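Tertiary structure, described
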Amino acid sequence: YVTISQLLGKGVCNFIKLLQGHLFNALFFSHCQEELRELREQPIDPQAEQEIIDSIEEVYFSNDSFDMVQHELEKLPPELNLQELEEYRDKLKRQQAAVSKKVADLILEKQPAYVKELERVTALQTNLQLAAVICTNARRQLSVAKEGFTEASLGLLANQRRRQLLTGLLKSLRTIKTLQRTDVRLSEMLEEEDYPGAIQLCLECQKAASTFKHYSCISELNSKLQDTLEQIEEQLDVALSKTCKHFDVSHYTKVQLAYTLLGKTQTAMDQLHMHFTQAIHNTVFQVVLGYVELCAGNADTKFQKMQYKDLCTHITPDSYIPCLTDLCKALWEVMLSYHRTMQWHEEHDKQETISTAVAAAESDESVVDRSYVKKKLEHGLTRIWQDVQLKVKAYILGTDMSHFKYDDFIVVLDVISRLMQVGEEFCGSKSEVLQESIKRQSVNYFKNYHRARLEELRMFLENETWELCPVKSNFNISQLHEFKFMGQCRSPSVSPSKQVVSSTSPAQEELSLFQQYLQEGNPFEMQAERKEEETEDVLASNGYESDELEKSVYQDYDSDSDVAEELKQDYVDEQTGDVPLKSASRETIRSKKKSDCNLNKTNAPILTNTTLNVIRLVGKYMQMMNILKPIAFDVIHCVSQLFDYYLYAVYTFFGRNDMYESSGLGLISSRLRTTLNRIQESLIDMEAVGENAGVHSAAEDRKEKVPSPHLSQMVVLTNSGTLYGLAQRVVATESLVFLAEQFESLQSHLDTMMPAAKKPFLQQFYSQTVSTASELRKPIYWIVAAKAIDYEQMLLLMAGVKWDIREIMSQHNVYVDVLLKEFEQFNKRLEEVSRHVRIPLPVSNVLWEHCIRLANRTLVEGYANVKKCSNEGRALMQLDFQQFLMKLEKLTDLRPIPDKEFVETYIKAYYLTENDMEQFIKNHREYSMKQLANLVNVCLGSHINKKARQKLLAAIDDIDRPKR
């Protein structure tokens, strides 16, 4: 109301001023009317009047500020003339009168308008007076309202408004107080690892702080909140690093949600990969450092300042495997955490895809983040596995493993093989870095190991007494622990511990290692458990794995359930002596044949401790080859050398005899001869120790060779009572044949491991070497056959026989009985040997074949020494030979009798004519020159001339010349 009254008051004043202006104008118009009346009384010519007005100076029409009096006074001349002044004054009056008259005329023209305006002014004056009354009344009423309403009611409103402002201020103050106390709650939430809640609270506090930024205390609080947020990010980074070693779903979910709230999902993934790289480095360093410091004891060396690669060189051989196992366990934990991290993101992406499909379309930023995380994780697989490989490679190459025990080295290979399997399942890698490093160590180790094993084999062979190693008849190499891996069908990328799991749990065969050990356990713990389960020492030098294995492999002499009844009887007879063999009767011979047959039926393998050790070595070599295929060819080549050396030793000990080798009977085939020469050139060091020591190339070559073995002095091969060491010869030869059979059974397995480019070597080894093992029977048993029967005595007896008799004899000569007696004695001694060592049927046949062949050739040689012979004498020869054959067939089952035709053909040649003899000489080159010459001189000499005899002798000489 006060304001309104003030506005009304100002309006009235202005209005009054306006009214005063109109009143002045009315008075002016009335004065003009009076002057106009005066002028009208004076008649003036209009033209003259206009001329007077035109004569007025222009300056009088200029502006209101023009001072006319001053102007006229300034125009006065210095000297005044009254008459002129009066004339000028009259002129000015006339000009004023003209102007006044002109103005009066103009006013009169506007008089109706003036009157009308004057009426309006009068009405306006009346209205103004009414307005003044109204304003007076209004001011009075406003004064009453001010006293009765405004001061009370508006005062209440003002107080209410002030109250509202103070309430808002109180709320703001309380909020500020809460903000100032937020750091305590944030610390609690961080201790509880509620990172999303802490970040959410911090962001809300920052938002609230921005609302109250007009308060001076808030600026300090805002900076404090920013510092707190940075601290949260630091702790969040630490929490993220913890997931690299021990992944926890709830923990990782909180961390990822926290980074999402911060809008730093991609940054979190970059940080995560950096932490995984750091975790790998720190983990391996701490593991290796722990073992190095433990083994170093109180050494002052500052190992902590060493580089990881240098630190690995300080690992001792004793701690190498435990450290490697712990190293792989720790790396497995890191890789498992990464695997579970990827699983979490895959499941999280699926859930987000489903939720966004149900709700609304997801933002472009979310899609970009998920795509970035997925690519980063996939790329990180290869990167992390490469870091793992490099760390393990440094550890592998940091120690020289060439002097490790075989068992320890196999464990190393097994652990690395398991690690490579982990790598293949982790990122599909073939682990070239690991393969190359373990290959280098394996080749280095295997060369030294093989060289030592060859020397060991030479020692075994030189100390071998060639006694029978009594194994059960069902003995098989698969019963040895060295060949257990073959029954498990293990692939090179699968370790033995994996097969234990797969064999016991068929349902888990298709599960990967990450599936098996996702929640608990470690694939590298199985190796230790397996080692505890297998208490047998696979490297035992005595040839036995353990008591249990000994029972399962070797024959238990208290139980002869596997022995045929006839053998039991023979065994008892031998021990008691109740059934001595006193004669060579037909029944006795038949019983011997039956016994031989039963001995053969048992099929108990004939082998020695050395044979068993060679088989074990082959199994160990194959284990190594099975785990590490890249060195398969090197291993198989060394395996072939084991067989080569064993074969060469058996030949050297029992088969080398120049006198009998030159017999011309083809005892050693060209293939066997080539094999023996190859072995001697490539494997046997024929030089004496100390010779050519200064020649570097020779020394290098000799590193790969082994000295020729020497037969133990305990083995006697010159005793006729033992058939010149027949038992030892049988054990040696047949153990070689058994070894060859085992190699044959392993051929398919070796072939699958052999690189395709090297398979011809394996095929040649089997066709040229392994298959020749049985061919050694001929030269080895030939020596026994040559010494077992006194062929020289028979020649002397035959020389004393008179062959130029004139009547046909019905009684054979004494030398036949002597020869048969020799065969009977040979059979007895053979039987005695067979009581101690089973003589297989092929061996028995070879022995009989050699003896009979030598006897027949001795007969022919005896007949060729005859100086005179009649037809009756020739008939006596046939009678003697038929008697020999008849008795011989009762002693042996060998059919046909070897070289039977050789003797018969020679005897029948006594009846040939001159022409037939010439053809006979050309066709039968198996006879010696002496034997053929005897036919010419003795048989045909009496009824052919000298020229014809010379011709036949010349033909014989022509046949013999190429041989010479």
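Along every chain, residues carry numbers that run from 1 in the direction the sequence is written. Per-residue local features are limited, in this predicted model, to residues with pLDDT of at least 70; the limit for side-chain atom pairs, both in listing and counting, is 80 or more; totals at the level of whole chains, interfaces and linings are taken over all residues. To get the side-chain values, all heavy atoms of the structure are used, and hydrogens and water are removed first.

Things to note about the overall build of the protein chain
The condition is simple: By definition, any uninterrupted DSSP run of H or I lasting at least four residues is a helix, any uninterrupted run of E lasting at least two residues is a strand, and each is numbered from the N terminus. Under the scheme applied here, a residue whose accessible area is under 20% of the maximum for its type counts as buried, over 50% as exposed, and between as partly exposed, the area being computed with a 1.4 Å probe on protein chains only. Contacts were defined at the residue level, with two residues in contact if any of their heavy atoms lie within 4.5 Å. Computed with a 1.4 Å probe, the accessible areas rest on the Shrake-Rupley method; for each residue, only the protein chains presented here act as cover.
Scanning the protein chain from terminus to terminus reveals 38 helices and two strands. Put simply, the protein chain has 964 residues, and 42% of those count as buried. Considering only contacts in the protein chain between residues 6 or more positions apart, those separated by 24 or more positions represent 80%. Split by element, the accessible area of the protein chain, about 52,300 Å² in all, is 52% carbon and sulfur.

Some remarks on the pattern of salt bridges
Basically, it comes down to this: Take a side-chain nitrogen of Lys or Arg and a carboxyl oxygen of Asp or Glu: if they are within 4 Å of each other, that pair is a salt bridge.
If you walk through the whole model with that rule in mind, you get 22 salt bridges. When the shortest N-O distance is used, the salt bridge between Asp349 and Arg370 registers 3.8 Å. Of the two residues, Asp349 is situated in helix α12 (residues 317–358) and Arg370 in helix α13 (residues 364–397); the sequence distance between them amounts to 21 residues. Where salt bridges share partners, they join Glu849, Arg853, Arg857 and Asp899 into one cluster.

Description of the environment of Val255
Secondary-structure assignment places Val255 in helix α9 (residues 249–262). Excluding residues within four positions of it along the chain, Val255 makes contact with Tyr195, Leu236, Ala239 and Leu240.

A few points about the environment of Met622
Mapped onto the secondary structure, Met622 falls in helix α23 (residues 609–627). Between the C-alpha atom of Met622 and that of Glu482, which follows or precedes it by 140 residues, the distance is 8.5 Å. Those residues within four positions of Met622 in sequence are excluded, and the remaining contacts are Phe483, Phe485, Met486, Leu746, His749, Leu750 and Met753.

Comments concerning the packing of helix α24 (residues 632–654) against helix α28 (residues 726–753)
Cut-off, in case you're wondering: Only the stretch in contact is used when fitting a helix axis, every axis being a line fitted to C-alpha atoms; angles between N-to-C directions are given from 0 to 180 degrees. Working rule for angles: under 35 degrees goes down as roughly parallel, over 145 as roughly antiparallel, 65 to 115 as roughly perpendicular, anything else as oblique. Note: crossing handedness is left-handed where the near helix turns anticlockwise from the far helix by less than a right angle, and right-handed where it turns clockwise. Each residue receives one of three labels: charged for Asp, Glu, Lys and Arg, nonpolar for Ala, Val, Leu, Ile, Met, Phe, Trp, Tyr, Cys and Pro, and polar for the others, Gly being one of them.
Running from amino to carboxyl end, α24 crosses α28 at an angle of 165°, the nearest separation of the two axes being 10 Å. The angle between the axes of α24 and α28 places the two elements in the roughly antiparallel class. Between α24 and α28 the crossing geometry is left-handed. Residues Ala632, Ile636, Val639, Phe643, Tyr646, Leu647, Val650 and Phe654 of α24 form the contact with α28, whose participating residues are Gln728, Arg729, Ala732, Thr733, Ser735, Leu736, Leu739, Ala740, Phe743, Leu750 and Met753. Grouping the constituent residues of the contact of α24 with α28 by class yields 15 nonpolar, three polar and one charged.

Notes on the nonpolar core
Rules: Within this scheme, the nonpolar core is defined by two criteria: the residues are buried Ala, Val, Leu, Ile, Met, Phe, Trp, Tyr or Cys, and they are joined through side-chain atoms within 4.5 Å.
Counting residues in each nonpolar core, the largest one holds 225 residues, and the members touching the most others are Phe823, Tyr863 and Phe884. Considering each element in turn, this core owes the most residues, 16 residues, to α24. With residues near it in sequence (within four places) discarded, Tyr863 still touches Met798, Trp803, Tyr815, Met877, Asp880, Phe881, Val903, Tyr906, Ile907, Tyr910 and Asn934.

Description of the packing of aromatic side chains
For clarity, the cut-off: Any Phe, Tyr or Trp ring, taking Trp's six-membered ring, that has another such ring centre within 6.5 Å forms a pair; planes under 30 degrees apart are called stacked, those over 60 apart edge-to-face, and the others tilted. The criterion is that NZ of a Lys, or CZ of an Arg, lies within 6 Å of the ring centre and within 35 degrees of the ring normal, and then a charge sits over that ring.
Tallied over the full model, the rule gives 34 aromatic pairs. In textbook terms, an aromatic cluster arises when at least three aromatic residues are bridged by ring pairs, as seen for Phe276, Trp332, Tyr338, Phe426, Phe514 and Tyr517. Sitting above the plane of the Tyr911 ring, Arg874 keeps its charged end 5.5 Å from the centroid.

Comments concerning unusual backbone geometry
A cis amide bond links Arg895 to the next residue, Pro896, at an omega of -10°. Position of Pro896 relative to the elements: it lies in the loop between α34 (871–891) and α35 (900–908). With a phi angle near 55°, Ser431 is a residue other than glycine that sits in the positive phi range. Mapped onto the elements of the fold, Ser431 is located in the loop between α14 (406–427) and α15 (432–463). According to the relative accessible area criterion, Ser431 is buried, its value standing at 0%. If you check the backbone angles, Tyr724 has positive phi at about 60° while not being a glycine. For Tyr724, the position within the fold is in the loop between β2 (706–707) and α28.

Some words on the environment of Thr772
One can find Thr772 in the loop between α29 (759–768) and α30 (777–788). Overall, Thr772 belongs to the buried group, its relative accessible area being 0%. Taking the C-alpha atoms as reference points, Thr772 and Thr675, 97 residues apart in sequence, are found 8.3 Å from one another. Setting aside its immediate chain neighbours within four residues, Thr772 contacts Leu647, Arg671, Leu672 and Thr675.

Some details on the state of the cysteines
Stated precisely, the cut-off is as follows: Disulfide assignment relies on a single distance test, namely cysteine sulfur atoms paired within 2.5 Å.
In this structure the tally under the stated criterion is zero disulfides. In this model Cys323 remains outside any disulfide bridge; the closest cysteine sulfur is found in Cys312, 7.5 Å from its own. Given a relative accessible area of 0%, Cys323 falls into the buried group.

Notes on a nonpolar patch on the surface
The condition is simple: Residues form patches when they are more than 30% accessible in relative terms and have no salt bridge. Like charges link within 9 Å. Nonpolar side chains (Val, Leu, Ile, Met, Phe, Trp, Tyr) link within 5 Å.
A cluster of nonpolar side chains, contributed by Val69, Leu73, Leu76 and Leu80, occupies part of the molecular surface with about 370 Å² of accessible area. In this structure, Leu80 sits in the loop between α3 (68–75) and α4 (82–109). You can call Leu80 exposed: its relative accessible area is 55%.

Structural notes on the packing of helix α31 (residues 791–799) against helix α32 (residues 814–836)
Running from amino to carboxyl end, α31 crosses α32 at an angle of 170°, the nearest separation of the two axes being 9 Å. It follows from the interaxial angle that α31 and α32 lie roughly antiparallel. For the pair α31 and α32, contact is made by Gln793, Met794, Leu797 and Met798 and by Tyr815, Val818, Leu819 and Glu822, respectively. Among the residues making up the contact of α31 with α32, the classes are represented as six nonpolar, one polar and one charged.

Considerations on α34
Because each turn of an α-helix spans 3.6 residues, side chains separated by three or four positions end up pointing in the same direction. Stated formally: Between the first and last residue of a helix there are one fewer steps than residues, each counted as 1.5 Å, and that sum is the expected span.
Taking 1.5 Å per residue as the helical rise, α34 with its 21 residues ought to reach 30 Å, and the 31 Å between its terminal C-alpha atoms agrees with that figure. Among the residues of α34, Gly873, Arg874, Leu876, Met877, Asp880, Phe881, Gln883, Phe884, Leu885, Leu888 and Leu891 are the ones counted as buried.

So, the side chain of His345
Turning to its location among the elements, His345 is positioned in helix α12. On the basis of relative accessible area, His345 is assigned to the buried category, the value being 6%. Not counting residues up to four positions away in its chain, the partners in contact with His345 are Tyr252, Gln256, Met269, Val373 and Leu377.

As for the confidence of the model for the protein chain
To keep things clear, this is the line we draw: On a scale of 0 to 100, pLDDT captures the predictor's confidence in every residue.
Within the protein chain, residue pLDDT values average 78, and 78% of them lie at 70 or more. Ignoring residues within four places in sequence, the model shows residues 489–509, a span with pLDDT below 50, making 44 contacts including any to other chains. The low-confidence segment residues 688–697 (pLDDT under 50) makes five contacts with residues lying over four places distant or belonging to another chain.

Overview of the side chain of Arg616
So the rule is basically this: What qualifies as a polar contact is a pair of N or O atoms within 3.5 Å, subject to a donor-acceptor requirement within protein and to the restriction that residues adjacent in sequence count only when both atoms come from side chains.
The residue Arg616 is located in helix α23 in this model. The exposure class assigned to Arg616 is buried, which follows from its relative accessible area of 3%. Among the polar contacts made by the side chain of Arg616, one reaches the side chain of Glu482 at a distance of 3.1 Å.

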